[in-house]
Amino acid sequence: MSQEVEVKLRISNVKQVEEKLRGLGAKLVDIVEEEDHYIDLAPCINMRDLDIALRVRRSRSLVRDAMVEEMTFKGRRVSEFPKIRKEITVNISNVESVLEIFRELGFRNIYVVSKTRKVYVLNKMKIFLDSVKGLGQFMEVELLEPTDLNIFRDELAKLFTAIGVDESCIERKTYLELLLEKKGFV
């Protein structure tokens, strides 16, 4: 079990942001293709009202030529800036079999979010430059050691200034929420 501490931003010029990150000393550590399957457990529970999610992910590292498959429970958000929520992740060995189990149990609504992400590390932050299918370009900044949120906020402010973005770029919705909104399901 862990706690996810992150901030997501909409960005318009990924190449420019990437150049600025490198100028700050950020190190590219991976390029990953991710396919996230979100399971809707209705009618058992209303996950949207509870602000929780169940994700089954297939992640392929293009740098290491490795595959990771996992299932994650995402708890209720306890803070919006930065976004903080409980996460429980378990490794699985076969995404398709897990999805089939949910289908056999009657859970038909499985929403897919596909993205390619470049993963950078800078100080105590992991920075993801995401190209999300059907949604556009984003940057997520995640605190690697979620201990002092005030220091993280200060580091974010410095990072935002250095790369030329401000808090108006912050996206408070998840990729799933944005996708469902775009498709008219919200």
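Residues numbered from 1 in each chain as written. Predicted model: local features only at pLDDT ≥ 70, side-chain atom pairs only at ≥ 80, totals over all residues. Heavy atoms only, no water.

A. Structural detail: the overall build of the chain. What the chain contains, in helices and strands, is five helices and eight strands. Reading the helices (α) and strands (β) of the chain from amino to carboxyl end gives β-α-β-α-β-β-β-α-β-β-β-α-α. Computed over its C-alpha atoms, the radius of gyration of the chain comes to 17 Å, within 12% of the 16 Å expected for a compact globule of 186 residues. For the chain, the spread of C-alpha atoms along the principal axes amounts to about 50 × 35 × 30 Å. Burial status across the chain gives 44% buried among its 186 residues. Within the chain, one finds 32 positive and 32 negative side-chain charges whose respective centroids are separated by 2 Å. (Helix = DSSP H or I, 4+ residues; strand = E, 2+ residues; numbered from the N terminus. Rg over C-alpha atoms; globule rule 2.2 N^0.38 Å. Buried < 20%, exposed > 50% of the residue type's maximum accessible area, 1.4 Å probe, protein only. Lys, Arg positive; Asp, Glu negative; His and termini not counted. Charge placed at Lys NZ, Arg CZ, Asp CG, Glu CD.)

B. Summary view of the packing of aromatic side chains. Counting across every chain of the model gives two aromatic pairs. Directly above the ring of Y175 sits K8, whose terminal nitrogen or CZ lies 4.1 Å from the centroid. The ring of F128 has R117 sitting right over it, with the charged end atom 4.0 Å from the ring centre. (Phe/Tyr/Trp six-rings, centres within 6.5 Å; stacked < 30°, edge-to-face > 60°. Lys NZ or Arg CZ within 6 Å of the ring centre and 35° of its normal.)

C. Molecular detail of unusual backbone geometry. With omega at 5°, the peptide bond leading from A42 into P43 counts as cis. Phi is positive for D51, which is not a glycine, with a value near 60°. Tracing the backbone through its elements, the reader meets D51 in the loop between α2 (47-50) and β3 (53-61). The buried category is assigned to D51, whose relative accessible area is 17%. Even without glycine at this site, D65 takes up a positive phi of about 50°. Secondary-structure assignment places D65 in the loop between β3 and β4 (66-80). Residue classification places D65 among the exposed positions, given a relative accessible area of 65%.

D. Summary view of the pattern of salt bridges. Applying the stated criterion across every chain, the model contains 24 salt bridges. One salt bridge in this structure joins K115 and E34, with 3.1 Å as the shortest N-O distance. Taken together, the positions of K115 in strand β6 (residues 110-122) and E34 in strand β2 (residues 27-39) put the pair 81 residues apart, joining distant regions of the chain. The exposure classification of K115 matches that of E34, with both residues buried. Where salt bridges share partners, they join E34, D36, R57, K115, R117, D130 and E140 into one cluster. (Salt bridge = Lys/Arg side-chain N within 4 Å of Asp/Glu carboxyl O.)

E. Main features of the packing of helix α1 (residues 14-23) against helix α4 (residues 149-163). Relative to each other, α1 and α4 sit at 120°, their axes nearing to 9 Å. Between α1 and α4, the crossing angle belongs to the class labelled oblique. Between α1 and α4 lies a crossing whose hand is right-handed. Across from V17, K20 and L21 in α1, the residues of α4 making contact are L159, A162 and I163. The residue inventory of the contact of α1 with α4, partitioned by class, reads five nonpolar, no polar and one charged. (Axes fitted to C-alpha atoms, helices over the stretch in contact; angles between N-to-C directions. Parallel < 35°, antiparallel > 145°, perpendicular 65-115°, else oblique. Left-handed = near helix turned anticlockwise from the far one by under 90°. Contact = heavy atoms within 4.5 Å. Nonpolar A, V, L, I, M, F, W, Y, C, P; charged D, E, K, R; others polar.)

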